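# Chains, contacts and geometry: an overview
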Amino acid sequence: METQDFFLRSGRLGFRLWREDDMDLAMSLWGDPKVTKLIVAPDRLTRDQVRQRLEHEICTQEEHGVQYWPFFMLPGGELAGCCGLRPYDIAKGVYEIGVHIRAPHWRKGLAREASLAVMDYGFNSLKATALFAGHNPNNQASRFLLTKLGFKFWREEFYEPTGLMHPSYLLKAEEYKALC
């Protein structure tokens, strides 16, 4: 992994853009039912669905300048997961933040570290007015992470990929600045 590929870094992580030749990396993340069991229903994505997901991330970057960026361990360059932004309500400057961690990297604080780096990028580089986040109601680790990051419960929202109402949260720019 060339370090110059990283447009964003944190203490242990380097972030870069997804590329068309990243199918094997994408499969190691979204092709793992341990990762996707609370993200989609059923809990497994096919190779074609992972390819579509990868293509969607690349298109979102081209159209909006954001995606759920892959991040890699520093040093070593192993893919640990993805974390990034999606358009949520661009007219109001609101982006959705999300993080997916490969199972071998669970419980190491990487979701928090990656989220903090992306939050900083969203508020300081993109000048977001707020960040939105949601999680599967069965994912208590995500609930804990979001509240620890300063997000406040906003409402329940239907999330089509799981077919469930997901607790949803907001973190406004002024609240983020007060945390820093």
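Before reading further, recall that the structure is shown in the block above.
Just so it is clear, the model here is predicted, and its values are computed rather than measured.

### Regarding helix H3 (residues 47–64)
Counting along an α-helix, one turn takes 3.6 residues, and residues three or four places apart therefore face a common direction. The end-to-end C-alpha distance of H3, which contains 18 residues, comes to 25 Å, matching closely the 26 Å that a straight helix rising 1.5 Å per residue would cover. Those residues of H3 not exposed but buried are Val50, Arg53, Leu54, Glu57, Ile58, Thr60 and Gln61. Taken down its axis, H3 places every buried residue within 155 degrees of arc, on the same side. In H3, the exposed positions that point more than 90 degrees away from the buried face belong to Asp48, Gln52, Glu62 and Glu63. Elements in contact with the buried residues of H3: helix H1 (23–30), strand E3 (68–73), strand E4 (79–89) and strand E5 (94–101). Gly65 sits one or two positions beyond H3 and adopts a positive phi of about 75 degrees.

### Things to note about the environment of Tyr176
Considering the arrangement of structural elements, one finds Tyr176 in helix H6 (residues 173–179). Classification of Tyr176 by relative accessible area gives buried; the value is 7%. Residues Tyr176 and Asp120 lie 56 residues apart in sequence; the distance between their C-alpha atoms is 8.9 Å.

### Focus: the packing of H1 against H3
Axis separation between H1 and H3 bottoms out at 9 Å; the angle between their running directions is 110 degrees. The angle between H1 and H3 falls in the class roughly perpendicular. As for how H1 packs across H3, the hand of that crossing is right-handed. Here Met23, Asp24, Ala26, Met27 and Trp30 of H1 lie close against H3, whose contacting residues are Arg47, Val50, Arg51, Arg53, Leu54 and Glu57.

Rules of the game
Residues numbered from 1 in each chain as written. Predicted model: local features only at pLDDT ≥ 70, side-chain atom pairs only at ≥ 80, totals over all residues. Heavy atoms only, no water. Helix = DSSP H or I, 4+ residues; strand = E, 2+ residues; numbered from the N terminus. Expected span 1.5 Å × (residues − 1). Buried < 20%, exposed > 50% of the residue type's maximum accessible area, 1.4 Å probe, protein only. Arc of directions from axis to C-beta. Contact = heavy atoms within 4.5 Å. Axes fitted to C-alpha atoms, helices over the stretch in contact; angles between N-to-C directions. Parallel < 35°, antiparallel > 145°, perpendicular 65-115°, else oblique. Left-handed = near helix turned anticlockwise from the far one by under 90°.

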